[in-house]
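# Overview (structure and organization)
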Amino acid sequence: MNPRQLTHWRTYTRSWSRTAICALALAVFFWGQNALAAATCTFNGTGAENFTFPGPISVPRDNSASMAPLSNWVTGEAATNIYTCTLSNSTKGGIGIKFPTMAQAGSYSEGGITYKVFNTSVQGVGIVYGFRLYTGGNYCDQSGGANGWNPWGSGSGSTPYSYRWCDNLQSGSYSFGAQLRFRLIQTGRITAGTVPTFTMSNSAQVTDGTFSTAAGSRNYVISPVAFQALSCTAVGANVTLDTAKKSDFTDATSVRTKPFQFTLQNCPAGMNSIKYQLDPIGTIISATDGTFQNATGADMAKGVGLRITNEANTAPVRFGDSSYTVANYSPTSGNTTLPIKMNVSYYRTGAATQVTGGKVRGTAQLTVFYL
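Notes on the structure in this doc start here.

Scoring rules and cut-offs
Residues numbered from 1 in each chain as written. Predicted model: local features only at pLDDT ≥ 70, side-chain atom pairs only at ≥ 80, totals over all residues. Heavy atoms only, no water. Pairing = 2+ DSSP bridges. Helix = DSSP H or I, 4+ residues; strand = E, 2+ residues; numbered from the N terminus. Disulfide = S-S within 2.5 Å. Buried < 20%, exposed > 50% of the residue type's maximum accessible area, 1.4 Å probe, protein only.

What follows deals with the pairing of strand E9 (residues 113-119). Here strand E8 (residues 104-110) runs beside E9; their pairing, made up of six bridges, is antiparallel. Following the sheet pairing, Glu110 is matched in E9 by Ile113. With antiparallel pairing between neighbouring strands as the criterion, E8 and E9 make up a hairpin whose turn holds two residues, including Gly111 at a positive phi of roughly 60°. Here two bridges tie E9 to strand E10 (residues 125-136), and the two strands are oriented antiparallel to one another. The residue bridging Phe118 from the neighbouring strand is Ile127, located in E10. Linkage of E9 to E10, two consecutive antiparallel strands, is achieved through a turn of five residues, within which Gly124 is found at a positive phi near 90°.

Take the state of the cysteines next. Taken as a whole and judged by the stated rule, the model has three disulfides. Each sulfur of the disulfide joining Cys41 and Cys85 lies 2.1 Å from the other. The sign of the S-S torsion, about 115°, decides the handedness of the disulfide formed by Cys41 and Cys85: right-handed. Taken together, the positions of Cys41 in strand E1 (residues 38-43) and Cys85 in strand E6 (residues 79-88) put the pair 44 residues apart, joining distant regions of the chain. Shown here is the disulfide that connects Cys140 with Cys166, its sulfur atoms set 1.8 Å apart. Disulfide Cys140-Cys166: torsion about the S-S bond near 95°, hence right-handed. With Cys140 in the loop between E10 and strand E11 (148-149) and Cys166 in strand E12 (residues 161-167), the pair connects residues that are 26 residues apart, well separated along the chain. The two residues Cys140 and Cys166 agree in class, both being buried. Sequential numbering of the bridged cysteines in the protein gives the disulfide pattern 1-2, 3-4, 5-6.

Take it as geometry only, folks, not as evidence of what the structure does.
This is the structure:
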């Protein structure tokens with residue numbers, strides 16, 4: 001190697017070393033700038049808050065109301081210091097409440113707020129939640145939230161957490177808290193059962209828009225609540241009509257009218273009303289006239305069926321019509337015995353000459369609706 005080549009190599013090496021040192025110093029400088037923003041937070045209190053609904057909750061068995069309250073609001077602690085934080089260098093610190101991951105059944109509106117309704121494990125039973133968040137400290141009146149309690153609201157589901165924060169413009173101490181409330185909502189016909197304990201939501205601490213439960217989290221837990229379906233005991237009766245002659249049908253279509261009744265026993269209070277529907281087990285002649293055919297067989301009469309009329313025997317009981325209301329039911333007190341009174345008679349189905357001797361037999365079924 002000649003001297004020129006060696007000198008050239010040394011010059012190149014010194015130049016490379018100076019470049020490397022400058023690049024290293026530049027990297028250290030930028031890292032130091034990022035470290036200046038900070039939030040040091042402490043989680044205070046217990047990790048769970050329990051919400052208990054008075055129970056059991058009784059619901060009429062056939063009531064299918066939608067988005068109707070089943071309970072009053074159950075409101076939790078107004079906790080102002082779930083997190084206490086020291087914020088510095090324009091850090092945005094705050095608190096968030098997680099949006100539930102349960103399936104939704106619709107929406108419920110009250111007091112100008114629309115709430116998402118979440119399904120529970122009991123059919124027809126949903127639950128809604130509302131919250132208000134507390135942000136306390138200097139500069140909490142910025143766009144992130146008020147200095148103190150923010151208004152009541154409900155999660156939209158557009159983000160995992162609904163949150164409020166303080167826009168820190170100088171080092172200081174801040175407090176973040178929350179208060180939650182829950183209400184049970186009917187989403188349809190309810191089956192009896194118990195909603196087991198479940199966690200509806202939880203809190204998180206927020207730093208510059210990032211949610212974390214590392215410091216701690218408060219879970220909002222719904223205690224078990226039982227549901228029972230309200231109904232009565234229904235009792236039927238056998239009715240024996242007096243014997244009729246073929247000649248009795250010469251000038252009449254209905255003869256030998258006789259009263260009978262179904263009976264509802266031990267009907268609990270708490271229902272809005274009780275309705276019923278009557279249907280024959282057999283061939284209907286006219287649903288609007290309450291008439292149906294005689295049973296078939298070798299010893300059965302021909303040309304004769306049965307007719308059902310109301311208690312006063314002034315109008316037919318329409319088959320398949322569920323609008324009839326049980327009289328004298330009291331929604332506020334127990335009802336030991338509630339009669340449903342009707343009349344039954346022989347009914348001539350055609351011309352009088354077509355009537356033949358024999359037995360007449362029929363069965364009618366009462367369906368009761370507890371609303």
